[in-house]
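Here is what each chain is made of, one letter per residue.
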Amino acid sequence: SQQGEEDPQALSIQEGENATMNCSYKTSINNLQWYRQNSGRGLVHLILIRSNEREKHSGRLRVTLDTSKKSSSLLITASRAADTASYFCATDGGYSSASKIIFGSGTRLSIRP
Amino acid sequence: SQTIHQWPATLVQPVGSPLSLECTVEGTSNPNLYWYRQAAGRGLQLLFYSVGIGQISSEVPQNLSASRPQDRQFILSSKKLLLSDSGFYLCAWIPLGQGRSEAFFGQGTRLTVV
């Protein structure tokens, strides 16, 4: 079964607007990561946030982590057409299964010009 | 620099035929290796992962198997393919001992079982 579930499943916004995607997970983790996938390609790592961190920034990306709610959000500011892709969160299995990396179901983001 | 090779890019196989997908990593040693399957428009399902030669953890499949004959080689196999084995197969690796946890993905193999 999947550890993470993204919300929404699909998101369509106007270029220049901000996009927010959410991820919920079930078990304890060491870190949570976000990845991007262009259609029919492999995944590319975007950002990693550790379980003792609450917020992290990388360029136009902002990730938050709330371990008490077992949830994370990815914010993309000032969206561009090139941001159109699917976005996935991924978690490890925590102390007992640190090597087991589970992905969520993903959010398909479409940026309208 | 480290790279990952996954082949073939596309594959069409008849039901009941065998399968062998290979993934190799260059420029690192003792990586964690992973096989995922992705159905169209869906998330990634973890199939197998390996933390060392000969060490395979199986997550889901009844019809698939994985092997790690060498440190940087990960093979996904099936003796007899089913229609339900169709999908996009992705290999990934994570560097160990470098304080890094991000996964690096191959370009994937799109398998169609007919």
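Starting afresh in each chain, residues are numbered from 1 along the sequence in its written order. Labels follow written order: the first chain is A, the first ligand is 1, and so on. Per-residue local features are limited, in this predicted model, to residues with pLDDT of at least 70; the limit for side-chain atom pairs, both in listing and counting, is 80 or more; totals at the level of whole chains, interfaces and linings are taken over all residues. Hydrogens and waters are ignored; side-chain quantities use all the structure's heavy atoms.

Is there a simple way to think about the side chain of aspartate 85 of chain B in this case?
All names here are of chain B. With respect to the helices, strands and loops of the structure, aspartate 85 is situated in the loop between β8 (73-78) and β9 (87-94). Here the side chain of aspartate 85 touches leucine 82 through a polar contact of 2.8 Å, landing on its backbone nitrogen. For aspartate 85, the residues in contact, after removing those within four places along its chain, are Arg37, Asn63, Leu64, Lys80, Leu111 and Val113. Helix and strand assignments follow DSSP, with helices taken as H or I runs no shorter than four residues and strands as E runs no shorter than two, numbered in order from the N terminus. Definition of a polar contact: a pair of N or O atoms within 3.5 Å, with one able to donate and the other able to accept a hydrogen when the atoms are protein atoms, and with sequence-neighbouring residues admitted only if both atoms are side-chain atoms. Residue contacts are defined here by distance: any two heavy atoms, one from each residue, within 4.5 Å place the two residues in contact.

What is the right way to read the sheet that holds strand β7 (residues 61-66) of chain A from this model?
As a general point, the strands of a sheet are linked pairwise by backbone hydrogen bonds and lie either parallel or antiparallel. Residues and elements named next belong to chain A. In space, the 5 strands of this open sheet follow the order β1-β3-β8-β7-β6, with antiparallel pairing throughout. With one partner strand each, in any of the chains shown, β1 (5-7) and β6 (55-58) form the two edges of the open sheet. Ignoring which end each strand starts from, the neighbouring axes of this sheet average 20 degrees apart. Two strands qualify as a pair provided DSSP detects at least 2 bridges between them. Where strand β3 (residues 19-24) lies against strand β8 (residues 71-76), 6 bridges are found, and the strand directions are antiparallel. In the strand pairing of β8, threonine 20 is matched with leucine 75. Lines fitted to the C-alpha atoms define the axes, with helices restricted to the stretch that makes contact. Angles between their N-to-C directions range from 0 to 180 degrees.

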